[in-house]
Amino acid sequence: MRLFSSAILALALLTGIASAETTKLVLVAGKPSHPPRMHEFNAGVQLLAKSLSSVEDLETEFVLNGWPEDESVFDNADAVVFYMDGGGRHEVVKEEGRRLKLIDKWVKNGVGVGFMHFGVEVVADQAGEEFKDWIGGHYEHMFSCNPFWEPKFVTLPDHPITRGVKPFQIKDEWYFNMRFAGDIAGNEAAEVDGVKFQPILVAVPSDDVRDGPYVYPRGPYEHIQANQGRAEAMMWVVNRDDGGRGLGFTGGHFHDNWGNDDFRKVVLNGLLWLGKHEVPEGGVESAVTQADLDANLDKKNRR
């Protein structure tokens, strides 16, 4: 929370100008991985920050190349979002659990936390319970799957995050069959132990998508095939009973997808919502050029 000095507050009262609190959003990018234009976490958070630059009363900071050396960047944050590689070497599980405890402290103080793409995957024994508490679920190896496919997001829920978002379809490494709290399927709104769960992007994978191949291991997995015809959640949010919020988003493998207006807008809206910042009626308006997409890319070996 930002506080006015007494002089500024007095001036605001005299001039009839209402004081406004500034929302602080911190975007944390992971280290480079994958071939060019994939997992471009550093370029991605900078593009998202630029796309949010016109939002009033919003302060957006970004961290590059993993967990920051100077953790003061997190001071007074209203929301923190991690866009990075996950699994057993996830940035948030390092330092023998110190970082997990720090994030849990934020959560208990009402800070919104979000994880995007590979960042939603953790080893269950390392951080599964924390992720189910913080954001409602996580990707679990050999339980969830990660095919490249092009879902059609036709029906969007009535939620601030979907403001101004039109139905769209786009190819990505859309994970699904997440390990959600209470073992819910995740494709419908639900309440689990006082936590309100709301799917945002939901689509039905075809039988071919369920059959794989998945990225790794190739599959198919019998339990994925057994849910033929079931809709799956690929973006979801939670309202915790302590007033905090959480967000999971499984897309974001291909950097150029940020050039799709609806793909980008649903995430930008989600970032505002996570920090309890008012989402504009028509959603966050932004424009991305090819130059924007080409900016700040990691230097990777071309294949």
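Residues numbered from 1 in each chain as written. Predicted model: local features only at pLDDT ≥ 70, side-chain atom pairs only at ≥ 80, totals over all residues. Heavy atoms only, no water.

### Quick word on the UniProt feature "domain: ThuA-like" (unreviewed entry) in the protein chain
In the numbering used here, UniProt assigns the feature "domain: ThuA-like" (unreviewed entry) to residues 37-273. Span residues 37-273 is 23% helix and 22% strand, its end C-alpha atoms 27 Å apart. (UniProt positions renumbered as here; feature names shortened; annotations may be inferred. Helix = DSSP H or I, 4+ residues; strand = E, 2+ residues; numbered from the N terminus.)

### What to know about the nonpolar core
By size, the foremost hydrophobic cluster in this structure holds 48 residues, and its most contacted members are Leu52, Trp174, Leu201, Phe249, Trp258 and Leu271. Here the element with the most residues in this core is helix 7 (residues 261-274); it accounts for 8 residues. Apart from the residues lying within four places of it in its own chain, the contact partners of Phe249 are Phe115, Met116, His117, Val120, Trp174, Leu201, Met234, Met235, Trp258, Phe263 and Val267. Counting residues in hydrophobic clusters, the runner-up holds 37 residues, among them Met84, Val122, Tyr175 and Phe197. (Core = buried A, V, L, I, M, F, W, Y, C linked by side-chain atoms within 4.5 Å. Buried < 20%, exposed > 50% of the residue type's maximum accessible area, 1.4 Å probe, protein only. Contact = heavy atoms within 4.5 Å.)

### Some words on the packing of helix 3 (residues 98-108) against helix 4 (residues 124-134)
One way to put it is that helix 3 packs onto helix 4 with a least axis distance of 11 Å and a crossing angle of 15°. Judged by the inter-axis angle, helix 3 sits roughly parallel to helix 4. Here helix 3 runs over helix 4; the crossing is left-handed. When helix 3 is examined against helix 4, the residues Leu100, Ile103, Asp104 and Val107 are found in contact with a partner set consisting of Gln126, Ala127, Glu130, Asp133 and Trp134. For the contact of helix 3 with helix 4, the per-class residue count stands at 5 nonpolar, 1 polar and 3 charged. (Axes fitted to C-alpha atoms, helices over the stretch in contact; angles between N-to-C directions. Parallel < 35°, antiparallel > 145°, perpendicular 65-115°, else oblique. Left-handed = near helix turned anticlockwise from the far one by under 90°. Nonpolar A, V, L, I, M, F, W, Y, C, P; charged D, E, K, R; others polar.)

### Here's the deal with the sheet that holds strand 2 (residues 58-63)
The mixed open sheet is built from 8 strands, whose spatial order is 2-1-3-4-14-13-12-11. The strands lining the two open edges of the sheet, one partner per strand, are strand 2 and strand 11 (190-192). Mean inter-strand twist for the sheet, computed between neighbouring axes without regard to direction, equals 20°. Bridge analysis of strand 3 (residues 79-83) against strand 4 (residues 112-116) gives 5 bridges, and the strand direction is parallel. By the bridge assignment for strand 4, Tyr83 is matched with Met116. (Pairing = 2+ DSSP bridges.)

### Quick look at the environment of Val202
Residue position: Val202 is located in strand 12 (residues 195-203). The sequence separation of Val202 and Thr155 amounts to 47 residues, and the corresponding C-alpha distance is 7.7 Å. Once you skip the residues sitting within four places of it in the chain, Val202 turns out to touch Lys152, Phe153, Asn187, Ala231, Glu232, Ala233 and Met234.

### What about the packing of helix 2 (residues 41-51) against helix 7?
Where helix 2 meets helix 7, the axes come as close as 11 Å, and the angle between the chain directions of the two elements is 75°. Relative to helix 7, the element helix 2 is oriented roughly perpendicular. Between helix 2, through Leu47, Leu48 and Ser51, and helix 7, the contact on the second element is made entirely by Arg264, Val267, Leu268 and Leu271. Of the residues that constitute the contact of helix 2 with helix 7, the class distribution is 5 nonpolar, 1 polar and 1 charged.

### Points about helix 4
Ala127, Gly128, Phe131 and Trp134 are the residues of helix 4 that are buried. The arc that holds every buried residue of helix 4, seen down its axis, measures 145°, which confines them to one face. Set apart from the buried face of helix 4 by more than 90 degrees, the exposed residues are Asp125 and Glu129. Each element contacted by the buried residues of helix 4 is listed here: helix 3, strand 4, strand 5 (137-138), strand 13 (232-239) and strand 14 (245-249). Where helix 4 terminates, the next one or two residues include Gly136, which has phi positive at roughly 95°. (Arc of directions from axis to C-beta.)

### Looking at the packing of aromatic side chains
Aromatic ring pairs are defined here through the distance separating the ring centres and the angle between the ring planes. For the coordinates displayed, the defined rule picks out 23 aromatic pairs. Among the aromatic residues, those joined into a cluster by ring pairs are Phe41, Tyr83, Phe153, Phe168, Trp174, Phe249, Trp258 and Phe263. Its end group placed over the ring of Phe143, Arg179 keeps NZ or CZ at 3.6 Å from the ring centre. (Phe/Tyr/Trp six-rings, centres within 6.5 Å; stacked < 30°, edge-to-face > 60°. Lys NZ or Arg CZ within 6 Å of the ring centre and 35° of its normal.)

### Topic: the environment of Asp208
Here Asp208 is to be found in helix 5 (residues 207-211). Counting along the chain gives 59 residues from Asp208 to Trp149, while the straight-line C-alpha distance between them is 9.7 Å.

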